[in-house]
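Fold and contact review
Residues per chain are reported as follows:
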Amino acid sequence: SPSSAAGNADPASAGNGVASPTPAPEAVVAAPGSESAGGAAEARMSGGLGLRAVLLGAPGSGKGTQAERLGLALGVPTISTGDMLRQAVAQGTELGARVESVMAAGRLVDDDLMTAVVSERLARPDAARGFLLDGYPRNLEQAATLDRLLSERGSRLDAVILLEVPEEELVR
């Protein structure tokens, strides 16, 4: 079963003497397909080989903050679905126009459209070495689709990082 990989330490500053201004959420790291926490992810993080990971957690749990810190430390892009959607619209691409029409109507972006946005982003050269996904997948269908997308590219996730924050901290 997964164990705490970071405890209350900030993963980006662990071991460098830099204190986080607020306690980081507890991170539970599991390498997909392994019994122990970390596994291939630990090897990749220590060897500087990049990391392909998903960050999960409740809204307000610090996924974006921790993803940015970890991405900087590992030299891999942080890929936020919210940012991707806004960028697709701003770039005026065909995909961006589809996203804009859905958002303008006040609807949620469906799985197929979200998958197209994620697939397009993961195809960029900066994501070849690794990435941290924040906000995707949000359901089991998206998780299966991500697995298929990565498999088609000869890749797979190295880790899934779950940020667990007590409910009383989330509503403060």
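Parameters and conventions
- Residues numbered from 1 in each chain as written.
- Predicted model: local features only at pLDDT ≥ 70, side-chain atom pairs only at ≥ 80, totals over all residues.
- Heavy atoms only, no water.
- Axes fitted to C-alpha atoms, helices over the stretch in contact; angles between N-to-C directions.
- Helix = DSSP H or I, 4+ residues; strand = E, 2+ residues; numbered from the N terminus.
- Left-handed = near helix turned anticlockwise from the far one by under 90°.
- Contact = heavy atoms within 4.5 Å.
- Nonpolar A, V, L, I, M, F, W, Y, C, P; charged D, E, K, R; others polar.
- Core = buried A, V, L, I, M, F, W, Y, C linked by side-chain atoms within 4.5 Å.
- Buried < 20%, exposed > 50% of the residue type's maximum accessible area, 1.4 Å probe, protein only.
- Arc of directions from axis to C-beta.
- pLDDT = per-residue confidence, 0-100.

1. Considering the packing of helix α5 (residues 111-122) against helix α6 (residues 140-152)
Between α5 and α6, the least distance of the axes is 11 Å, while the angle of their chain directions is 30°. Where α5 crosses over α6, the two elements pack in a sense that is right-handed. Of the residues in α6, those touching α5 at D111, M114, T115, S119 and L122 are E141, Q142, T145, L146, L149 and L150. Per-class residue counts for the contact of α5 with α6 are five nonpolar, four polar and two charged.

2. Structural notes on the nonpolar core
One finds I79, M114, V117, L122, F131, L133 and L146 to be the most contacted residues of the largest nonpolar core, which totals 20 residues. Broken down by secondary-structure element, the contributors of at least two residues to this core are α3 (81-91), α4 (94-104), α5, β4 (131-134) and α6. For this core, the leading source of residues is α5, giving five residues. If we ignore the near neighbours within four places in the chain, the residues touching L122 are I79, A127, F131, L146, L150 and R153. Counting 11 residues, the second largest nonpolar core, distinct from the first, contains L51, L55, A67 and A159.

3. As for α3
For α3, the complete set of buried residues consists of T81, M84, L85 and A88. The buried residues of α3 occupy one face: seen down the axis, they fall within an arc of 100°. Within α3, the exposed residues directed more than 90 degrees away from the buried face are R86 and A90. Considering only its buried residues, α3 is in contact with β3 (78-80), α4, α5 and β4.

4. Focus on the confidence of the model for the chain
Across the chain, pLDDT averages 77, with 72% of residues at or above 70. The secondary-structure element of the chain with the lowest mean pLDDT is helix α1 (residues 40-47), recorded at 44, while α6 shows the highest, at 95. Below a pLDDT of 50 lies the segment residues 1-25, which in the model reaches 38 contacts outside its immediate sequence neighbourhood of four places, other chains included. When the criterion is pLDDT under 50, residues 34-47 qualifies, and its contacts beyond four places in sequence or with other chains add up to 23 contacts.

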